[in-house]
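One letter stands for each residue in the lines below.
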Amino acid sequence: YPNANILAAKPSDFTKDNRQKLFSKVLTGDYDAVVLGHSSLKKVGTSPKVEGDILREMLGEIVSTIKEMKDAEGNRKRGSRQVAQMERTKDNIEAKIARLANISGRDAVAMFEELGFDGLMVDEAHEFKNLFYTTQMQNVAGLGNPTGSAKAFDLYLKTRFLRNQFGGKAPMVFATGTPVSNTMSEIYTVFRYLAQR
């Protein structure tokens, strides 16, 4: 694409003084692509509404999973360690939802959903494989941290927004030269980013 109009952002574009200028360029320019480094992607925030909607969905899933696991355990006096971990995760999600509800106002910087992005191409996608998950399976080695990382969750918010906004028409490409190296859950994670309903 030798004639493509591409904006390549530098880390210095994300300083407090320069971020507004960069986002103004994105909003007013007719760019074919905006290139950001992994470290800068999180600085293009999503709104509390987008994050809250996803967190409420996660909360519903985890509450349902906890109930099913408790029902399966029956009347045991002590619940499983996995149920206790999920209940801690549930409490953390509830705290995040409460924090989002208390956010009043925001800075003047535009949010991801306001900048007109209609697709994502993620290089080195293995950098985002540590996404949260819930499972009823027990004693399975190597699944990783069920709470995931903030970096992976941030990308998940953006991919979910694009799918909700554009359905299956939003182009999303994940590229990596690193094969699945640890667990099958890594394949599941990629499908959650790219194809979850």
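Residues numbered from 1 in each chain as written. Predicted model: local features only at pLDDT ≥ 70, side-chain atom pairs only at ≥ 80, totals over all residues. Heavy atoms only, no water.

K.L.:
Whenever I open this one, the side chain of T65 confuses me. Can you help?
P.N.:
Locating T65 in the fold gives a position in helix α3 (residues 48-73). Of the residues examined, T65 reaches a relative accessible area of 10% and is grouped as buried. Setting aside chain neighbours within four positions, we find T65 in contact with M86, T134, T135 and Q136. (Helix = DSSP H or I, 4+ residues; strand = E, 2+ residues; numbered from the N terminus. Buried < 20%, exposed > 50% of the residue type's maximum accessible area, 1.4 Å probe, protein only. Contact = heavy atoms within 4.5 Å.)

K.L.:
How do you make sense of the layout of surface pockets when you look at a structure like this?
P.N.:
The gaps of empty space that remain are located by a probe, the size of a water molecule, rolled over the atoms. If you add up the space inside the largest pocket, you get close to 900 Å³. Residue assignment for the lining of the largest pocket shows that the elements contributing at least two residues are β2 (33-35), α2 (38-41) and β3 (120-122). Class assignment of the residues belonging to the lining of the largest pocket gives a composition of 18 nonpolar, 5 polar and 4 charged. (1 Å grid on protein atoms, 1.4 Å probe; cavity = no way out; pocket = protein on both sides within 12 Å on 5 of 7 lines; lining within 4 Å. Points joined across faces, edges and corners; volume = space filled by probe spheres on them. Nonpolar A, V, L, I, M, F, W, Y, C, P; charged D, E, K, R; others polar.)

K.L.:
Before we go on, may I ask you to explain the packing of α3 against helix α5 (residues 150-166) in this structure?
P.N.:
Between two packed helices, what matters for the description is the angle formed by their axes and the separation of those axes. For the pair α3 and α5, the least separation of the axes is 10 Å and the interaxial angle reads 100 degrees. In this view, α3 runs roughly perpendicular relative to α5, as classed from their interaxial angle. Across the interface between the two elements, V50, E51, I54, L55, E57 and M58 of α3 pack against F153, Y156, L157, R160 and F161 of α5. Taken together, the residues that form the contact of α3 with α5 break down as 8 nonpolar, no polar and 3 charged. (Axes fitted to C-alpha atoms, helices over the stretch in contact; angles between N-to-C directions. Parallel < 35°, antiparallel > 145°, perpendicular 65-115°, else oblique.)

K.L.:
Please explain the nonpolar core as it appears in this structure.
P.N.:
Soluble, globular proteins show a tendency: their nonpolar side chains are buried together. Formed by 43 residues in total, the largest nonpolar core has its most connected members in F23, F153, L155 and Y193. Every element with two or more residues in this core is listed here: α1 (16-28), α3, α4 (81-101), β3, α5 and β4 (172-174). Among the elements that line this core, the one with the most residues is α3, at 8 residues. What L155 contacts, discounting residues up to four positions off in sequence, is L41, L120, V122, F128, F174 and Y193. (Core = buried A, V, L, I, M, F, W, Y, C linked by side-chain atoms within 4.5 Å.)

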